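Residues per chain are reported as follows:
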Amino acid sequence: DEWIALARGAGMNAFLITAKHHDGFCMFDTKSTEYKITNTPFGRDIMAELAAACRKHGVKLHFYYSILDWPHPDYLDRQDAYTKYYQGHIRELCTNYGELGGILFDGYWPSNSVGTPGFIPGKQWDHKGTYDLIRSLQPDAVITNNHHIAPLAGEDYQVWELDMPGENAIVKNNVTTPSSLPHVTWLTASDGWSFSTSDRNFKSVEYLAGHLRECAERNTYLFLNFAPAPDGTLQPEEVAILKGLKR
């Protein structure tokens, strides 16, 4: 509740949270694997708690979901089986947490000729079937995919990772041609995406406010990434950023 209250107080109307990243760990309670948050000492479904907090504060809940899955035995060799597995996750996310604002996919980069560890370029994951599934269960949810290519059929907006629309100054394989869809840029509050004791290079409130103004001038939505500490609290610098943006 504290996260969502701070976000709403800073003027944010949407909250994006990682449901599953490339490591395959599910940050939600699922019936398809034991590799999930409810099997940890934490023992609770944090997504259910965040969904309730978002409803309370009038914030749209969005899920990030990576199709890439390093440890799953079907990912590399049994494409049909893995597609069924991950689509089962999408069904659970779309039915167990109330109304969603949207789903953002990652881990599918068809323009990567070499790929990243555990990733094989060129595989298809039935995006149409997945998007149709979301539409049937969450008709008002918006869909996007951080695939670094032109939007696919069924996607509602175009996202740039760390860059402004049409630029690839930071992520060299960002798509460079903006489409007619709405645009989103995805920025980190510090240097990295996740918590690190060595990452103390937080962006200033002044810098972020200026970036937000530029986004507004370019009709672009901003997703600002925060990296909570292992105990689930926002870092003091992140709290200061949110309170500073509120001003």
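What this report covers is the structure whose coordinates are included nearby.

About the cut-offs
Residues numbered from 1 in each chain as written. Predicted model: local features only at pLDDT ≥ 70, side-chain atom pairs only at ≥ 80, totals over all residues. Heavy atoms only, no water. Helix = DSSP H or I, 4+ residues; strand = E, 2+ residues; numbered from the N terminus. Buried < 20%, exposed > 50% of the residue type's maximum accessible area, 1.4 Å probe, protein only. Contact = heavy atoms within 4.5 Å. Areas by Shrake-Rupley, 256 points an atom, 1.4 Å probe, with all protein chains shown as cover. Lys, Arg positive; Asp, Glu negative; His and termini not counted. Charge placed at Lys NZ, Arg CZ, Asp CG, Glu CD. Axes fitted to C-alpha atoms, helices over the stretch in contact; angles between N-to-C directions. Parallel < 35°, antiparallel > 145°, perpendicular 65-115°, else oblique. Nonpolar A, V, L, I, M, F, W, Y, C, P; charged D, E, K, R; others polar. Salt bridge = Lys/Arg side-chain N within 4 Å of Asp/Glu carboxyl O. Expected span 1.5 Å × (residues − 1). Pairing = 2+ DSSP bridges.

### Quick look at the overall build of the protein
Across its full length, the protein holds six helices and seven strands. Of the regular secondary structure in the protein, the N- to C-terminal order runs α-β-α-β-α-β-α-β-β-β-α-β-α. Each principal axis of the C-alpha distribution contributes one length, and for the protein these read about 50 × 45 × 40 Å. The proportion of buried residues among the 247 residues of the protein is 48%. Partitioning the intrachain contacts of the protein with sequence separation of at least 6 by distance along the chain shows that 65% fall at a separation of at least 24. In the form shown here, the protein has an accessible surface area of approximately 12000 Å², with 54% of it arising from carbon and sulfur atoms. On the protein, the mean spot of the 22 positive side-chain charges and the mean spot of the 30 negative ones are 4 Å from each other.

### Regarding the packing of helix H1 (residues 2–9) against helix H6 (residues 236–246)
With their axes 8 Å apart at the nearest point, H1 and H6 run at an angle of 30° to one another. Taken together, the axis directions place H1 and H6 in an arrangement best described as roughly parallel. Judged by residue contacts, Leu-6, Ala-7 and Gly-9 of H1 engage Val-239, Leu-242, Lys-243 and Lys-246 from H6. For the contact of H1 with H6, the class distribution of residues is four nonpolar, one polar and two charged.

### Some remarks on the pattern of salt bridges
A complete count under the given rule lists eleven salt bridges for this structure. Across the pair Lys-56 and Asp-1 runs a salt bridge whose closest N-O atoms are separated by 3.3 Å. With Lys-56 in helix H2 (residues 46–57) and Asp-1 in the segment before H1, the pair connects residues that are 55 residues apart, well separated along the chain. A relative accessible area of 59% means that Lys-56 is categorised as exposed. Close ionic contact of Arg-135 with Asp-156 constitutes a salt bridge, the shortest N to O distance being 2.8 Å. Remark: Asp-156 occurs in the loop between strand E4 (142–145) and strand E5 (158–161) and Arg-135 occurs in helix H4 (residues 127–137); sequence separation between them is 21 residues. The exposure class assigned to Asp-156 is partly exposed, which follows from its relative accessible area of 24%. Counted as one network, the salt bridges with shared partners bring together Glu-167, Glu-214 and Arg-218.

### Examining the side chain of Thr-220
Along the chain, Thr-220 turns up in strand E7 (residues 220–225). When neighbours within four sequence positions are excluded, Thr-220 is seen to be in contact with Pro-165, His-183, Val-184, Thr-185 and Cys-215.

### A word on helix H3 (residues 79–95)
Look at H3: 24 Å from first C-alpha to last across 17 residues, which is about the 24 Å you get at 1.5 Å a residue. Listed as buried for H3 are Tyr-82, Thr-83, Tyr-85, Tyr-86, Gln-87, His-89, Ile-90, Glu-92, Leu-93 and Cys-94. In this fold, the buried residues of H3 make contact with strand E1 (14–20), strand E2 (60–66), strand E3 (102–106) and H4.

### Overview of the sheet that holds E3
The strand order across the open sheet built from four strands is E1-E2-E3-E4, with neighbouring strands paired in parallel fashion. Edge positions in the open sheet fall to E1 and E4, since each of these has one partner strand only. Averaged over all adjacent pairs, the angle separating strand axes in this sheet is 20°, with direction ignored. Of the strand pairs in this sheet, E1 and E2 are connected by six bridges, and their pairing is parallel. Paired with Ala-14 across the bridge in E2 is Lys-60. Sheet contacts for H2: E1 and E2; angle to E1, the most-contacted strand, approximately 170°.

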